[in-house]
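# Geometric and topological summary
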4 protein chains.
Amino acid sequence: MKREVKKVVLAYSGGLDTSIILKWLQDEYNCEVVTFTADIGQGEELEPARKKAIELGIKPENIYIEDLKEEFVRDYVFPMFRANTIYEGEYLLGTSIARPLIAKRQAEIAALTGADAVSHGATGKGNDQVRFEMGYLGINSDLIIIAPWREWDLNSREKLLAYAAKHGITIEKKPNKSPYSMDANLLHISYEGLVLEDPNAEPEEDMWRWTASPENAPDQAEIIEIGYEKGDPVLLNGQRLSPASMLHALNELGCKHGIGRLDIVENRFVGMKSRGCYETPGGTIMLKAHRAIESITLDREAAHLKDELMPRYAKLIYNGFWFAPERYMLQAAIDKSQEGVNGTVRLKLYKGNVMVIGRDSTTDNLFNADFCTFEEDEVYNQKDAEGFIKLNALRLIIAGKNKKRQGK
Amino acid sequence: MKREVKKVVLAYSGGLDTSIILKWLQDEYNCEVVTFTADIGQGEELEPARKKAIELGIKPENIYIEDLKEEFVRDYVFPMFRANTIYEGEYLLGTSIARPLIAKRQAEIAALTGADAVSHGATGKGNDQVRFEMGYLGINSDLIIIAPWREWDLNSREKLLAYAAKHGITIEKKPNKSPYSMDANLLHISYEGLVLEDPNAEPEEDMWRWTASPENAPDQAEIIEIGYEKGDPVLLNGQRLSPASMLHALNELGCKHGIGRLDIVENRFVGMKSRGCYETPGGTIMLKAHRAIESITLDREAAHLKDELMPRYAKLIYNGFWFAPERYMLQAAIDKSQEGVNGTVRLKLYKGNVMVIGRDSTTDNLFNADFCTFEEDEVYNQKDAEGFIKLNALRLIIAGKNKKRQGK
Amino acid sequence: MKREVKKVVLAYSGGLDTSIILKWLQDEYNCEVVTFTADIGQGEELEPARKKAIELGIKPENIYIEDLKEEFVRDYVFPMFRANTIYEGEYLLGTSIARPLIAKRQAEIAALTGADAVSHGATGKGNDQVRFEMGYLGINSDLIIIAPWREWDLNSREKLLAYAAKHGITIEKKPNKSPYSMDANLLHISYEGLVLEDPNAEPEEDMWRWTASPENAPDQAEIIEIGYEKGDPVLLNGQRLSPASMLHALNELGCKHGIGRLDIVENRFVGMKSRGCYETPGGTIMLKAHRAIESITLDREAAHLKDELMPRYAKLIYNGFWFAPERYMLQAAIDKSQEGVNGTVRLKLYKGNVMVIGRDSTTDNLFNADFCTFEEDEVYNQKDAEGFIKLNALRLIIAGKNKKRQGK
Amino acid sequence: MKREVKKVVLAYSGGLDTSIILKWLQDEYNCEVVTFTADIGQGEELEPARKKAIELGIKPENIYIEDLKEEFVRDYVFPMFRANTIYEGEYLLGTSIARPLIAKRQAEIAALTGADAVSHGATGKGNDQVRFEMGYLGINSDLIIIAPWREWDLNSREKLLAYAAKHGITIEKKPNKSPYSMDANLLHISYEGLVLEDPNAEPEEDMWRWTASPENAPDQAEIIEIGYEKGDPVLLNGQRLSPASMLHALNELGCKHGIGRLDIVENRFVGMKSRGCYETPGGTIMLKAHRAIESITLDREAAHLKDELMPRYAKLIYNGFWFAPERYMLQAAIDKSQEGVNGTVRLKLYKGNVMVIGRDSTTDNLFNADFCTFEEDEVYNQKDAEGFIKLNALRLIIAGKNKKRQGK
């Protein structure tokens, strides 16, 4: 039994699937549809989405196309990288981090347009449905959510194509279109399906769309310098860049040098294991560089606390809990730690490798040869180490003495 | 005021520093000295150490030279790698993991020889003094510990050389001897000092002694296959290898392909930051491979629990608490998780990169296309996702409704 | 559309609700019903359940009534108490810990009787449905699960009574029957509903069925002694007791002295907050006593690690993940820590208070006045504290010096 | 060899021990002494300390006596209670939390008076030396620290008395003076030494100085109401109180009703176990009340994250790391969680028991019978539970199916 829906905001890419959803929403729910298409750096023209929406009968004032690239990098990607976030030891969360922003803006557009519902094109077996819907509900708990893939019976490519044909939805033939299920934004591009469903099979080289392979990357290494302020990269080779420009520039460097490919099996929030391939060229550089600038500017115990909290923080983002209270708590702790993370890192990029070759901070350098070597008598007395070790060992010593007393 | 010491077991390398210590112990403590030289894969001949000890007046029955390579890899390196251990996001703990074994064996030799003291050549500013002494005390809390570097006034290279000259200790001139402070074992080799004291300076290429640089590594990738049993690598390209042989073979592969160089600033247990360069060729391959085999055989929540415990486990090892109760607790949890970590991983090695290109398990594969795709109706119903999301979001929904009620 | 079910094992109490379920299963699924009634110390006669089942047409060989009290305490309650488990700072998990055992035995009886389904009487808004079903699936992932409360439309007391009347299910009038929704086992009794739905309202005194109120407890304190082996209580006032007998005896003591009442609002796994009142007399004594025996026998860092893991372990049990890999991992760590938790604790019980007045261990006492006071020179040198503090403070000192240098 | 000291600020109580230290500093270091006496609610007159200091030759302008009670409760006690902090499951950290404030103010007075050193009266075997010195160094890393107990040889009561006699330090005979080693402030009073050195011995009743025993407390319960704002108690029975007044009033209530006695063995940072008895009457009430107000106003996962972080936070405070970066990080996370912790709690106090009998919040109540019961169809659909359970169990189901396939 369908719920009553007056107006729905659809996360709309202009592609076949969301065009079918658009039509299906109109037909099944008999409701007004608002389309929302966000530029988060996926690298596709957005005006075709407008044209397509108009073709499908959407009123011009109901078409929202917005450039969210700066907000995406500034308020989502950078805060996440402050935590050195990695999911399951490998994945840089490129898809996960984009969903909350799209969901949030979609919920806001629902408020602007008086819509009572939102809809997305994520399937019922993946993580993205959760991330979208957590985002919607985190912003407005009253929204009706329509997840067509969980409702309809168009559960095969054939049925979809038949539905499209029947409803006059034209299917563009893009030259060189990938057969994989893909997602892209300024942070990464991902691939799923086909040969990847066998975790023991290697994908063919031309699956990868962004990066050169390490083999095909230049034979000449390239050296770059990134400047950090409060844990965020702000300068590239001395030039101040906006967040999105920074990530864009690092992506270009990474793509050129074969950096950031990843082929993993990951654990989905909905319970099964899943194979994914990812390219995160700029993010891979940022992770290495951020650890390097922290290595000279961040206190040891702050760094260790961050490392212990990180897997949990990564899991929250992966599972879609960006707008949940516990994520805000962790972010508050992480951001607190970044006040002194200022300085520059030099990196060498070469055929898939990101190598740190220097780190410096004029203001917050806690590595200081003066303290460690020359003025040693003032700051560090080797004899202190004896007491330090003895008291750290005291509980072991007492336990050992007790064991002997017991003849153990 | 010197403590009374009857007999001391010295961790003896045969090199200049520990030879000076040997002499100094005889002179200062007027005690019998037992030398202990362990082969943990540092790649040096051990017989010269025997010769040297005899020259310095050690009785033949007081010279212990032992091959600990298999024990080292089986009981220390492999258990650590089961946890995917990394310290501060980068360091594979190559030095840290060897110290407890040396300390333990040294304490055992003290018991065998009736010695009341042990001594080591680690300085008073580093981590190794802690690791040695925690090891001694974890095994026998009654041992007297002599740490010459914290006691004597030979605190410069000149004074050391003068002492050696005065006491007739000959200094071998090794061809091509590194000027860096180094440590090596079957897992890694490390470098400290000199140019590395400036974290903004890159070391010269010929500092690195083990690995080819990525630039100089072969232009041809190499594909290998590692077989795992209970989380430990046991087969290389189908051939069963002992623990030490496995690590040795992986080292050769890693060295050839420019794998496992690391240049970092780390936080020492004694409180300061320190620059170190490391080569861990085989270990770098093992870390990647172990994560890959776990990715298809290990339960999600077991994997996440391991990830959350790992930084703490790494810190324990780094700080020298291998024989402490909390390390045994963590090891029990980790080992429990590895019972089903069985299968094979295929890897591509190329110019510094270790790329996973396949993983399989005939017995414990939890990634199964059958479950995920074909038999979907039996195991996974997309409609279940709606209830899953709704109840996961319920707390956010209730909070949102309360906010609205409050007009927030 | 109903699934095909051949034979179902029902967790059957003999009460009205599960009797209605029994009938409903027969009618709706047209299947054979096996009843399983476990004695886990809920304090009710079980033979009436047999009589009732026979009345409802269950074949005698399909009626399973089993005494699981010893298994319950030995394999579930005691392992949990080794961890000092408390959920959300207050709740001793009395209901949560019993469900996995019932579910496991129910799944085993399904195997014994060739049943393909299991059923329980927990509602769709609570935690118990999750705990039962996680238990079933953890033991046998192929079982069909029937949760009548989520399927039928008997969603009010009136409809239930009408259904009972229509199907000839007689309703016993128990004298003094509680109007609250209750659950009891050897560890605790719980109350939900009615006045408790207002978290600002206090329940009336006669809601509580087990314990005396502190006000009505004896004016005379009572002193008891509990002996521990490997973290489990085995001796009460010098007398060795089986696990269930121990808990039974401690319950009697606690009930007499007004110990173990709790009135809380807790967070359910399914997402909402819920008010519950609990009586856990023996458990409250055990928690206090176990911490006390650990205080003299357990290493500091082992104890701290346990404390940090405990909330997570408690959450796993609360949420029903007893048979999940991560619970086994944590249990392995906890059990490892308990090897030396041996000794005796003396406690004073008085009007709701459990006061520790002594703890001793002849074999594993790590508190030893000899070490701490008299032989101080051998084990502890006050001057060591200086080095200990200095190196612990070193990172703060260096940061402070850097701030000054920067004029901050 | 004594360091050169010009002027030292001494944490001065006016008692015998710190008077001897005062004299000893003058004699040994030949330096000017500034005394600092803080009122943190220890319940003693401070003017006698001034008189005593003048007798010992301190210049009036070098005598600092300050009332820090409000700062103590507002900036130290309350932030700590926001975290529901307990060390090792029992201890409310009454001594630990006062040291950083004293140390900080002492370091500030050093800056005001141009002193280059600070000194305290804590011994070399306890935690307080660490807490004082971490505090000093966290505020000003250049301060010279003089810890007389680690330097002098006055290591027995007799030697101290002899020193006092020799230097004309008069010893007041206070009537009813406790023979125990004690520490008091507005949060608690502690006892160490004498019979407490045997963890199996119970202290005599008149050791306890603040609280009535449960046995001697009134036979009549008393009901109180505490109002919370952002996690801090601000209203008592409807009356707004300053932080110090609130704690003072709760102490009076707790003392009257026999609340807050504790007798434990704890693990010191310096490595040994130690017996302590504590009275924390108001703090014990606050802990219970804070958990209760959180139970209806705090999100589940925020609460669980707090519970998992708490042992670590407690350890930081116990060990003296109040001014360390990782404590600031944790505090940021905790404070973030408290924004909605607003409302009132009703408690019943009776003979050692603190019983919650009601909690309410007009603005932030997340427990709402409307959501949970009446409007259930809108917010909670029981059928959602099936999907929720199935996907939570999916990993167990898949593992189970794999086991069967393997014939395990």
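Residues numbered from 1 in each chain as written. Chains lettered and ligands numbered in written order. Predicted model: local features only at pLDDT ≥ 70, side-chain atom pairs only at ≥ 80, totals over all residues. Heavy atoms only, no water.

In the nomenclature of an unreviewed UniProt entry, chain A corresponds to Argininosuccinate synthase from the organism Sulfurospirillum tamanense. Database annotation for chain A, UniProt heading Subcellular location (unreviewed entry): "Cytoplasm". As stated in UniProt under Pathway (unreviewed entry), the record for chain A gives "Amino-acid biosynthesis; L-arginine biosynthesis; L-arginine from L-ornithine and carbamoyl phosphate: step 2/3." (UniProt positions renumbered as here; feature names shortened; annotations may be inferred.)

## Side note on the overall build of chain A
Looking only at helices and strands, chain A has 14 helices and 14 strands in total. Structurally, chain A occupies a C-alpha span of about 85 × 60 × 45 Å along its principal axes. The proportion of buried residues among the 408 residues of chain A is 66%. Counting only contacts in chain A whose residues sit at least 6 apart along the sequence, the fraction spanning at least 24 positions is 73%. (Helix = DSSP H or I, 4+ residues; strand = E, 2+ residues; numbered from the N terminus. Buried < 20%, exposed > 50% of the residue type's maximum accessible area, 1.4 Å probe, protein only. Contact = heavy atoms within 4.5 Å.)

## Considerations on helix α11 (residues 325–337) of chain D
For α11(D), with 13 residues, the first-to-last C-alpha span of 19 Å sits near the 18 Å given by 1.5 Å per residue. Of the residues making up α11(D), those classed as buried are D:Glu326, D:Arg327, D:Met329, D:Leu330, D:Gln331, D:Ala332, D:Ala333, D:Ile334 and D:Ser337. Buried positions along α11(D) lie against α10 (300–319) and α11 (325–337) of chain A, α14 (384–405) of chain C together with α3 (69–82) and α10 (300–319) of chain D. (Expected span 1.5 Å × (residues − 1).)

## Quick look at the sheet that holds strand β10 (residues 239–240) of chain B
Residue and element names in this part refer to chain B. Taken together, 5 strands build an open sheet; the order of strands is β10-β9-β8-β13-β14 and the sheet is antiparallel. The open sheet is flanked by β10 and β14 (353–360), the only strands paired with a single partner. Direction of pairing for strand β13 (residues 343–350) relative to β14: antiparallel, over a ladder of 7 bridges. Each residue of the ladder has a partner; that of Leu347, found in β14, is Val356. (Pairing = 2+ DSSP bridges.)

## A look at the relation of the copies chain C and chain D
Here chain C sits on chain D after a turn of 180° about the axis and a move of 0.0 Å along it, with an RMSD of 0.0 Å. Seen this way, the second copy is the image of the first under a two-fold rotation axis. Rotation axis and chain C: the residue whose C-alpha lies nearest the axis is C:Glu308, separated from it by 3.0 Å. An overlap of 100% is found between the interface residues of chain C and their copies at the interface of chain D, pointing to a shared contact surface. (Least-squares fit on C-alpha atoms with pLDDT ≥ 70 in both.)

## Quick word on the packing of aromatic side chains
Applying the stated rule across the entire model yields 50 aromatic pairs over all chains. Each ring, one from B:Tyr191 and one from B:Trp208, has its centre 5.9 Å from the other, and the planes form 75°; the classification is edge-to-face. Of this pair, B:Tyr191 sits in strand β7 (residues 189–192) while B:Trp208 is found in the loop between β7 and β8 (222–229), placing the two residues 17 residues apart along the sequence. In this structure B:Trp208 comes out as buried when scored by relative accessible area, which is 12%. Of the aromatic side chains, those joined through ring pairs into one cluster are A:Phe269, A:Phe321, B:Phe388, C:Phe269, C:Phe321 and D:Phe388. (Phe/Tyr/Trp six-rings, centres within 6.5 Å; stacked < 30°, edge-to-face > 60°.)

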